[in-house]
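A closer look at the structure
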Amino acid sequence: MRKLQQILGRKLQRNLHAIYVLHPTFGLKAAIFALQLFVDGVVWKKVVYVDRLLQLFKYVPREQHTIPDFVFQHDLEVNGGKGLMVDPRTKINVKDPYKRLGISKEASEDEIQGARNFLVQRYIGHKPSIDAIESAHDKIIMQQFYDRKNPKINIKKKVREVTQSKVMLAITSRFRTPSSNFIVKTSIAFVILGALTVLFPTEEGPTLQVAISLIATMYFIHDRLKNKLRAFLYGAGTFILSWLVGTFLMVSVIPPIIKGRRSLEVTTSLISYVLLWVSSTYLR
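Residues numbered from 1 in each chain as written. Predicted model: local features only at pLDDT ≥ 70, side-chain atom pairs only at ≥ 80, totals over all residues. Heavy atoms only, no water.

As recorded by an unreviewed UniProt entry, the protein carries the name Protein CHAPERONE-LIKE PROTEIN OF POR1, chloroplastic-like and is attributed to Heracleum sosnowskyi.

Quick look at the structure:
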């Protein structure tokens, strides 16, 4: 009970719809009743007792959770055949082998074998059902064997691993989303700077616009953080980094986009404006 209380936490407790207790004993019911009175009535009053799996499936669809084989076995011993007469897994004509066995695609080998053993015991003597169960089991096992031999790159998993790494968490923790009005204000400022840089390039390059972008960056950072030292350090550091990144991209990666004698300086300025806008708006 204490572990469950810790897992739920305060935030999840308030959003909790129900706690389903399967096959409750008298002692467990008494303990939960005591928790309602003395510990945390808000959570423990949401307990719903279900005596059989079929009743649980009415609250939560069978496909949405994985149930161990010993639970099915216990339910069969306690309730007999009446507990699972309309188990959705009895459909022989279901093409998906996972749905036919009533398991998820993330099920482990033990769960697959347990579902197969339970269904074989449940429908023993009915050959079409047994054949359908064995066919579904064989298809799943062969598919898993093939997947192990030819592993696929799970892009979502890779992205999740990168985004949840310590380095990425440390980087993202340095950024914060300000108010919409502030985002609009900084966006307008840097868009105007970009337009002036493109429309009025000089022989010396967009020196004035670049200087204004540095001042604007420091101003916006100070406006958010109310700290002159951090505004100066963040502004100067971002300015130097943005020009290094912009120059590298223009020389090594991005082909010339804007034609003219000062196309390199103009495009590099535009790239640096983007990075300066990000630091001005989101850097904390």
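After that view of the structure, there is still more to cover.
Turning our eyes to something else, we now look at the overall build of the protein. A count of helices and strands for the protein gives 14 helices and two strands. By the burial criterion, 33% of the 284 residues in the protein qualify as buried. Considering only intrachain contacts with a sequence separation of at least 6, the fraction spanning at least 24 residues in the protein is 66%. Put simply, the protein shows about 18,700 Å² of open surface, and 64% of that area lies on carbon and sulfur atoms. (Helix = DSSP H or I, 4+ residues; strand = E, 2+ residues; numbered from the N terminus. Buried < 20%, exposed > 50% of the residue type's maximum accessible area, 1.4 Å probe, protein only. Contact = heavy atoms within 4.5 Å. Areas by Shrake-Rupley, 256 points an atom, 1.4 Å probe, with all protein chains shown as cover.)

Right, let's get into the packing of helix 11 (residues 180-199) against helix 12 (residues 207-225). Here helix 11 crosses helix 12 at 175°, and the two axes come no closer than 10 Å. The orientation of helix 11 relative to helix 12 falls into the category roughly antiparallel. Counting all contacts with helix 11, which are made through Phe182, Lys185, Thr186, Ala189, Phe190, Leu193, Leu196 and Thr197, the residues of helix 12 involved are Gln209, Ile212, Ser213, Thr217, Phe220, Asp223 and Arg224. Looking at the contact of helix 11 with helix 12, its residues break down into seven nonpolar, five polar and three charged. (Axes fitted to C-alpha atoms, helices over the stretch in contact; angles between N-to-C directions. Parallel < 35°, antiparallel > 145°, perpendicular 65-115°, else oblique. Nonpolar A, V, L, I, M, F, W, Y, C, P; charged D, E, K, R; others polar.)

Right, let's get into the pattern of salt bridges. As enumerated under the stated definition, the model contains three salt bridges in all. A salt bridge links Glu134 to Arg116, with the shortest nitrogen-to-oxygen separation between them at 2.5 Å. With Glu134 in helix 8 (residues 127-149) and Arg116 in helix 7 (residues 109-122), this pair connects stretches of sequence that are 18 residues apart. A salt bridge links Lys226 to Asp223, with the shortest nitrogen-to-oxygen separation between them at 3.4 Å. (Salt bridge = Lys/Arg side-chain N within 4 Å of Asp/Glu carboxyl O.)

This part takes up a positive patch on the surface. Residues Arg174, Arg176, Arg230 and Arg284 make up a contiguous surface patch of positive charge. In this fold, Arg284 is placed in the segment after helix 14 (263-282). According to the relative accessible area criterion, Arg284 is partly exposed, its value standing at 34%. (Patch = residues over 30% accessible without salt bridge, like charges linked within 9 Å, V, L, I, M, F, W, Y side chains within 5 Å. Lys, Arg positive; Asp, Glu negative; His and termini not counted. Charge placed at Lys NZ, Arg CZ, Asp CG, Glu CD.)

Here we take up the packing of aromatic side chains. Considering all chains together, one arrives at five aromatic pairs under this definition. On the numbers, 6.0 Å between centres and 85° between planes, the contact of Phe182 with Phe220 is edge-to-face. Placement of Phe182 in helix 11 and of Phe220 in helix 12 is noted, with a sequence separation of 38 residues between them. The class for Phe220 is buried, based on a relative accessible area of 6%. Seen in terms of ring centroids, Trp277 and Tyr282 are 5.6 Å apart; in terms of plane orientation they differ by 85°. Their pairing is edge-to-face. (Phe/Tyr/Trp six-rings, centres within 6.5 Å; stacked < 30°, edge-to-face > 60°.)

It is worth spelling out the nonpolar core at this point. Counting residues in each nonpolar core, the largest one holds 22 residues, and the members touching the most others are Leu53, Ile67, Leu101 and Ile103. At the level of elements, helix 4 (53-59), helix 5 (69-79), helix 6 (97-101), helix 7 and helix 8 are the ones that each hand at least two residues to this core. Here this core takes five residues from helix 7, the largest share from any one element. Counting nine residues, the second-largest nonpolar core is a separate cluster that includes Phe190, Phe220, Phe239 and Tyr273. (Core = buried A, V, L, I, M, F, W, Y, C linked by side-chain atoms within 4.5 Å.)

What follows is about the UniProt feature "transmembrane region" (unreviewed entry) in the protein. UniProt feature "transmembrane region" (unreviewed entry): in the numbering of this structure it lies at residues 182-200, 206-222, 231-254 and 266-283. With 95% helix and 0% strand, residues 182-200 has end C-alpha atoms that lie 27 Å from one another. The distance from the first to the last C-alpha atom of residues 266-283 is 25 Å, and the span holds 94% helix and 0% strand. (UniProt positions renumbered as here; feature names shortened; annotations may be inferred.)

Another point: the environment of Ile67. Within the element layout of this structure, Ile67 appears in the loop between helix 4 and helix 5. In this structure the C-alpha to C-alpha distance between Ile67 and Ala107, which are 40 residues apart in sequence, comes to 10.0 Å.

The side-chain alternation of strand 1 (residues 19-22) yields one buried face, formed by Ile19 and Val21, and one unburied face, formed by Tyr20 and Leu22. One ladder, built from four bridges, connects strand 1 with strand 2 (residues 47-50); its direction is parallel. The partner of Leu22 across the bridge, within strand 2, is Val50. (Pairing = 2+ DSSP bridges.)

Moving on, we get to the packing of helix 11 against helix 14. Where helix 11 contacts helix 14, the two axes come as close as 10 Å, and the packing angle between them is 170°. As the angle between them shows, helix 11 and helix 14 are arranged roughly antiparallel. The segment helix 11 lies against helix 14, with Phe182, Ile183, Thr186, Ser187, Phe190, Leu193, Gly194, Thr197 and Val198 engaging Val266, Ser269, Leu270, Tyr273, Leu276, Trp277, Ser280, Thr281 and Tyr282. Of the residues that constitute the contact of helix 11 with helix 14, the class distribution is 11 nonpolar, seven polar and no charged.

A few words now on the side chain of Thr281. By the element assignment, Thr281 lies in helix 14. Relative accessible area serves as the criterion here: at 0%, Thr281 is assigned to the buried category. Aside from chain neighbours lying at most four places away, what touches Thr281 is Arg176, Pro178, Phe182, Ile183, Thr186 and Arg224.

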